[in-house]
Amino acid sequence: QKEVEQNSGPLSVPEGAIASLNCTYSDRGSQSFFWYRQYSGKSPELIMSIYSNGDKEDGRFTAQLNKASQYVSLLIRDSQPSDSATYLCAVRRDQKVTFGTGTKLQVIP
Amino acid sequence: DGGITQSPKYLFRKEGQNVTLSCEQNLNHDAMYWYRQDPGQGLRLIYYSQIVNDFQKGDIAEGYSVSREKKESFPLTVTSAQKNPTAFYLCASTQGQDYTEAFFGQGTRLTVV
């Protein structure tokens, strides 16, 4: 079982729709959770971080965490073509940060 | 400006050669990391270091070596033992606290010729 699992996609959504990205993790001792966006050939940039169960909203982005189910998700409202990228889920326990393989999102104009 | 600097941006290596990728940070972060990314893939952890003169193997350490002689620097050597080194290499750092995110350098694209 991979430590952090994501559906590779591509996930295609029309412009203006809600994109839903999901991630599961295996280590119940994981302490903090992150979503990164990565454009082709570039380094990842942080979108959201979440540490406790529930929802966290920042602009068009909402991160959701359910530690009992070992599940973290990212919702992108009013999706824009510029949101087209690969979204990486990352999980941290102590000093080790582990990434999933990423989900490629395509927003269709 | 604070940040992480990786150099070079592009690197070509002949088979059988060792090469060293540079990573320097001026964020005063305690922990530093090296990841490898293959086309269409996620990030795989090679090595990480929590403090100076200490480092731990990640998931794919074979064929790589690191050192952490200074807090600011965490160079990665790709040795000739790494049979498939062509990839995009990313260096990252975090503060010492458990809940902080990783900041990334711009990456080094290594190609074996």
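Since this is a predicted model, take the numbers as computed values, not measurements.

## With respect to the pattern of salt bridges
By the definition in use, this model includes 9 salt bridges over all chains. Close ionic contact of K96 of chain A with E3 of chain A constitutes a salt bridge, the shortest N to O distance being 3.7 Å. Of this pair, K96 of chain A sits in strand 10 (residues 96-99) while E3 of chain A sits in the segment before strand 1 (4-5), and the two are 93 residues apart along the sequence. On the basis of relative accessible area, K96 of chain A is assigned to the partly exposed category, the value being 24%. The exposure class of E3 of chain A is partly exposed, given its relative accessible area of 33%. Between D59 of chain B and K96 of chain A there is a salt bridge, and its shortest N-O distance comes to 3.7 Å. Within this pair, whereas D59 of chain B is found in the loop between strand 6 (54-57) and strand 7 (64-66), its partner K96 of chain A is found in strand 10, the two belonging to separate chains. Salt bridges here are not isolated pairs; linked through shared partners, they connect E3 and K96 of chain A together with D59 of chain B.

## Overview of the confidence of the model for chain A
With 99% of its residues at a pLDDT of at least 70, chain A reaches an overall mean of 94. The element-level mean pLDDT for chain A is lowest in strand 10 of chain A, coming to 90, with strand 8 (residues 71-76) of chain A highest at 98.

## Structural notes on the layout of surface pockets
As a volume, the largest pocket reaches approximately 460 Å³. Every residue lining the largest pocket is counted, 22 residues in all, and those nearest its centre are S40 and T86 of chain A together with Q37, G40 and Q41 of chain B. Elements that contribute at least two residues to the lining of the largest pocket include exactly strand 9 (85-93) and strand 11 (103-108) of chain A. Residue classes in the lining of the largest pocket are distributed as 5 nonpolar, 13 polar and 4 charged.

## Structural notes on the state of the cysteines
On inspection of all chains with the given rule, the structure shows 2 disulfides over all chains. Two residues share a disulfide in this structure: C23 of chain A and C89 of chain A, whose sulfurs sit 2.1 Å from each other. Across the S-S bond of C23 of chain A and C89 of chain A the torsion is about -70 degrees, and the bridge reads as left-handed. In this pair, C23 of chain A is assigned in strand 3 (residues 19-25) and C89 of chain A in strand 9, connecting sequence segments 66 residues apart. Just as C23 of chain A is buried, C89 of chain A falls in that class too. In this model, C23 of chain B is linked to C91 of chain B through a disulfide, with the two sulfur atoms separated by 1.9 Å. On the sign convention where negative means left-handed, the S-S torsion of about -75 degrees between C23 of chain B and C91 of chain B marks this disulfide as left-handed. Note that C23 of chain B is positioned in strand 3 (residues 19-25) and C91 of chain B in strand 9 (residues 87-94), a separation of 68 residues in sequence. With a relative accessible area of 0%, C23 of chain B lands in the buried category. Overall, C91 of chain B belongs to the buried group, its relative accessible area being 0%.

## Considering the sheet that holds strand 6 (residues 54-58) of chain A
Residues and elements named next belong to chain A. With respect to topology, 5 strands assemble into an open sheet ordered 1-3-8-7-6, the strand pairing being antiparallel. The outermost strands of the open sheet, each flanked by one partner alone, are strand 1 and strand 6. Pairing of strand 6 with strand 7 (residues 61-66) involves 5 bridges; the strand directions are antiparallel. Among the inter-strand pairings, D58 is bridged to a residue of strand 7, identified as F61.

## Overview of the pairing of strand 3 of chain B
Residues and elements named next belong to chain B. With burial as the criterion, only one face of strand 3 is covered, namely that bearing V19, L21, C23 and Q25; the residues T20, S22 and E24 on the opposite face remain uncovered. Of the strand pairs in this sheet, strand 3 and strand 8 (residues 76-78) are connected by 3 bridges, and their pairing is antiparallel. Bridge assignment links T20 to a residue of strand 8, and that residue is T77.

## Side note on the interface of chain A and chain B
Listed by partner, the interface residues are 21 residues for chain A and 26 residues for chain B. Summing the contributions of chain A and of chain B, the shared interface buries around 1,900 Å²; its carbon and sulfur component is 51%. Considering only the side of chain A, the residues that lose the most area to chain B are R92, Q95 and F99 of chain A, jointly responsible for 30% of the buried surface there. Applying the counting rule to chain A against chain B returns 1 salt bridge. On inspection of chain A and its partner chain B, the count reaches 8 residue pairs in polar contact (both at pLDDT 80 or more). At the level of secondary structure, the elements contributing two or more residues to the side of chain A that touches chain B comprise strand 4 (32-38), strand 9 and strand 10 of chain A. At 4 residues, the largest contribution of residues to the side of chain A that touches chain B is made by strand 4 of chain A. Per-class residue counts for the side of chain A that touches chain B are 8 nonpolar, 8 polar and 5 charged.

Parameters and conventions
Residues numbered from 1 in each chain as written. Chains lettered and ligands numbered in written order. Predicted model: local features only at pLDDT ≥ 70, side-chain atom pairs only at ≥ 80, totals over all residues. Heavy atoms only, no water. Salt bridge = Lys/Arg side-chain N within 4 Å of Asp/Glu carboxyl O. Helix = DSSP H or I, 4+ residues; strand = E, 2+ residues; numbered from the N terminus. Buried < 20%, exposed > 50% of the residue type's maximum accessible area, 1.4 Å probe, protein only. pLDDT = per-residue confidence, 0-100. 1 Å grid on protein atoms, 1.4 Å probe; cavity = no way out; pocket = protein on both sides within 12 Å on 5 of 7 lines; lining within 4 Å. Points joined across faces, edges and corners; volume = space filled by probe spheres on them. Nonpolar A, V, L, I, M, F, W, Y, C, P; charged D, E, K, R; others polar. Disulfide = S-S within 2.5 Å. Pairing = 2+ DSSP bridges. Contact = heavy atoms within 4.5 Å. Buried area = accessible area lost by both parts, 1.4 Å probe. Polar contact = N/O pair within 3.5 Å; in protein donor to acceptor, adjacent residues only side chain to side chain.

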